[in-house]
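This is what each chain is made of:
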Amino acid sequence: MNDITNNKKINTNNENNIIKKYSNLEIITLAIGGMIGGGIFLLNGIVVNDLKQYSYISWIIGLIICLTFAFSFILISKEYSQLKGGTSIYPQLLLKNKYSKIISTIIIIFGYVILTSVYSISLGSYVGKYLNQKQYAKIYAIITIIFTLIFNYIPEKKFFYFQKITVILKCLMFFILILLGYFYNNQNYNNNNINYTIRQNNYISKNQLSYLPISIILLYGISTFLSYEGFEMISNTTYKMKNPKKDIPITFITSILIVGFIYANLSYVTNKHLGNQIHKFKFTSLLHLTEKLPIISKYGSLFVLIICILSNITAINSTLFTNNYIIDTFTEYNLPTNGFKHFIDTEIKLPLLSKRRKLLIWIISFISCLFVFCPILLITNLGSILFLIIFSIISYCALILIQNKQKKNKKIEILNININHSISKIICVTSILISIIGIIYLIYQTQNMITNHTYF
């Protein structure tokens with residue numbers, strides 16, 4: 001293990017002397033690009049429909065959960081900041097069993113396959129709604145995947161520039177929507193009316209009209225946390241950071257807080273203006289929100305459509321960018337023979353496939369296109385379950401790292417703050433327990449969806 005790590009250090013150090021370092025802004029926008037995608041467009045309406053005025057609390061709970069998981073990523077990313085591979089490399093370095101390493105990488109790859117599908121479905125749904133062509137929503141989703149796949153061939157410097165500009169633009173547009181939502185008061189909505197439209201596949205009973213148990217809000221917090229998925233993409237950039245020890249925690253925490261602010265406030269203004277009408281358009285709630293804001297109501301649908309396109313394009317871009325690193329790591333550590341690795345890297349004369357390794361990315365993207373035809377809620381839940389498994393694996397890896405540091409009497413430090421080994425372990429164990437609860441909840445919810453035919 002030490003030989004592998006040392007060799008990687010030499011290779012990455014040589015590369016870092018040649019390749020430009022990433023700025024914190026570039027890294028933060030990459031993470032935000034990965035986080036703000038289909039989640040807020042598909043899940044926002046569902047959460048507001050079921051929780052009403054409590055909905056923003058669930059997004060705040062999701063934020064806190066996200067920071068808990070980010071703790072594990074920060075610890076491991078700092079320890080192996082000189083290595084490529086990010087999320088996919090950590091199990092290779094910290095898990096002992098060969099098969100657990102391979103399975104971990106496959107789960108990570110499959111998780112990003114599903115994530116790409118969810119983002120493209122979100123974009124396709126909004127475009128289809130705007131053009132009054134819902135029957136073509138799946139086609140728009142597939143076109144989106146192919147477009148972003150080809151776009152990822154541009155030079156990395158131009159890719160990051162595009163990602164930075166588009167993410168900043170979409171954040172500004174979200175802030176405008178939030179400000180207008182707070183500024184304009186909708187007199188037609190009675191905030192005290194909390195007669196919910198309840199989906200059968202949730203734990204909420206139809207008799208629970210006057211209050212919501214804290215356990216329900218906490219469970220929804222786990223669901224909303226999964227819309228923060230994408231923060232871990234920062235791990236793939238650490239080897240090009242200017243000052244990893246300082247920049248890793250700053251980029252993780254900053255990107256998560258910005259996204260949390262957007263999510264919670266969008267949920268609040270959605271409930272404020274749509275209220276009990278939300279059940280009519282759960283999956284396109286932000287489109288209908290603008291109809292309640294006279295200042296932009298005329299062009300509101302186009303405004304939100306542009307946000308949706310920017311959000312999902314940048315989210316898929318970030319996902320495919322990360323997948324490239326994951327594939328590199330997989331071929332480096334898990335392929336059976338050097339001969340097969342040589343075959344994968346051989347130059348071939350085909351458009352967009354100068355190296356056979358790119359063929360793996362195309363195959364993965366093709367699988368994402370197939371999942372576009374699955375019911376929205378089922379594919380979303382499957383992706384959520386996979387990422388809860390991924391996050392629990394990383395939390396377990398962080399736990400191993402903490403134990404190793406404790407044995408060697410090494411400190412755990414984040415932003416010049418020393419953190420006790422026992423507290424660090426508690427945070428990692430808490431993350432694993434949250435993952436287990438979330439997986440059980442989502443399996444139960446998915447089972448009810450199938451039984452009651454409430455998926456879409």
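What you see is a predicted model; the values in this text were computed from it and never measured.

What counts and how
- Residues numbered from 1 in each chain as written.
- Predicted model: local features only at pLDDT ≥ 70, side-chain atom pairs only at ≥ 80, totals over all residues.
- Heavy atoms only, no water.
- Axes fitted to C-alpha atoms, helices over the stretch in contact; angles between N-to-C directions.
- Helix = DSSP H or I, 4+ residues; strand = E, 2+ residues; numbered from the N terminus.
- Left-handed = near helix turned anticlockwise from the far one by under 90°.
- Contact = heavy atoms within 4.5 Å.
- Nonpolar A, V, L, I, M, F, W, Y, C, P; charged D, E, K, R; others polar.
- Salt bridge = Lys/Arg side-chain N within 4 Å of Asp/Glu carboxyl O.
- Buried < 20%, exposed > 50% of the residue type's maximum accessible area, 1.4 Å probe, protein only.
- pLDDT = per-residue confidence, 0-100.
- Phe/Tyr/Trp six-rings, centres within 6.5 Å; stacked < 30°, edge-to-face > 60°.
- Expected span 1.5 Å × (residues − 1).

Enquirer: I keep staring at the packing of helix H8 (residues 156-183) against helix H10 (residues 244-274) and nothing clicks. Help me out?
Expert: In helix packing, the relevant descriptors are the interaxial angle and the interaxial distance, both defined with respect to the helix axes. The interhelical angle for the contact between H8 and H10, taken along N-to-C directions, is 35°, at an axis separation of 9 Å. Handedness of the crossing formed by H8 with H10: left-handed. The residues of H10 that touch H8, namely those facing Cys 171, Phe 174, Phe 175, Leu 177, Ile 178, Gly 181 and Tyr 182, are Phe 261, Ile 262, Asn 265, Leu 266, Tyr 268, Val 269, Lys 272 and His 273. Here the contact of H8 with H10 is composed, by residue class, of 11 nonpolar, 3 polar and 1 charged.

Enquirer: Help me understand the environment of Pro 244, please; the structure alone is not making it clear to me.
Expert: Mapped onto the secondary structure, Pro 244 falls in helix H10. In this structure, the C-alpha to C-alpha distance between Pro 244 and Tyr 80, residues 164 residues apart in sequence, is 9.7 Å. With sequence-adjacent residues up to four places away left out, Pro 244 is seen in contact with Ser 81, Thr 238 and Pro 249.

Enquirer: Can you help me understand the pattern of salt bridges in this one?
Expert: Within this structure, the stated rule accounts for 2 salt bridges. The shortest N-O distance in the salt bridge between Glu 79 and Lys 405 comes to 3.0 Å. Residue Glu 79 is found in helix H4 (residues 55-79), and its partner Lys 405 is found in helix H15 (residues 376-407); the two are separated by 326 residues along the sequence. We classify Glu 79 as partly exposed; its relative accessible area is 30%. Lys 405 gets classed as buried once you look at its relative accessible area, which sits at 15%. With its nearest N and O atoms 3.8 Å apart, the salt bridge here joins Lys 245 to Glu 413. Of this pair, Lys 245 sits in helix H10 while Glu 413 sits in strand S1 (residues 413-414); the two residues are 168 residues apart in sequence, bridging distant segments of the chain.

Enquirer: I keep staring at the confidence of the model for the protein and nothing clicks. Help me out?
Expert: Across the protein, the average pLDDT comes to 79, with 80% of residues at or above 70. When pLDDT is averaged over each helix and strand of the protein, the minimum, 43, is found for helix H1 (residues 2-18) and the maximum, 92, for H4. Of the regions scoring below 50 in pLDDT, residues 1-18 engages in 20 contacts with residues more than four places distant in sequence or in other chains. Under a pLDDT of 50 for its full length, residues 188-210 has, in the predicted model, 56 contacts with residues more than four places off or in other chains.

Enquirer: Is there a simple way to think about the packing of aromatic side chains in this case?
Expert: Each aromatic ring pair is summarised here by two numbers: the centre-to-centre distance and the angle between the ring planes. Counted according to the given criterion, the structure contains 22 aromatic pairs. Measuring from centroid to centroid gives 5.8 Å for Phe 73 and Phe 391, while their planes differ by 85°, and the two rings are edge-to-face. Of this pair, Phe 73 sits in helix H4 while Phe 391 is found in helix H15, placing the two residues 318 residues apart along the sequence. This pair shows no difference in class: Phe 73 is buried, exactly as Phe 391 is. One aromatic cluster is present, formed by Phe 69, Phe 73, Tyr 112, Phe 225, Phe 231, Phe 252, Phe 387 and Phe 391 through successive ring pairs.

Enquirer: Can you help me understand helix H9 (residues 214-225) in this one?
Expert: Note on helix geometry: an α-helix contains 3.6 residues per turn, so any two residues three or four positions apart are oriented the same way. Given a rise of 1.5 Å per residue, 12 residues ought to cover 16 Å, and the 16 Å separating the end C-alpha atoms of H9 matches this to within 8%. Among the 12 residues that make up H9, 9 are buried, leaving the element largely enclosed by the rest of the structure. For H9, the full list of buried residues reads Ile 216, Ile 217, Leu 219, Tyr 220, Gly 221, Ile 222, Ser 223, Thr 224 and Phe 225.

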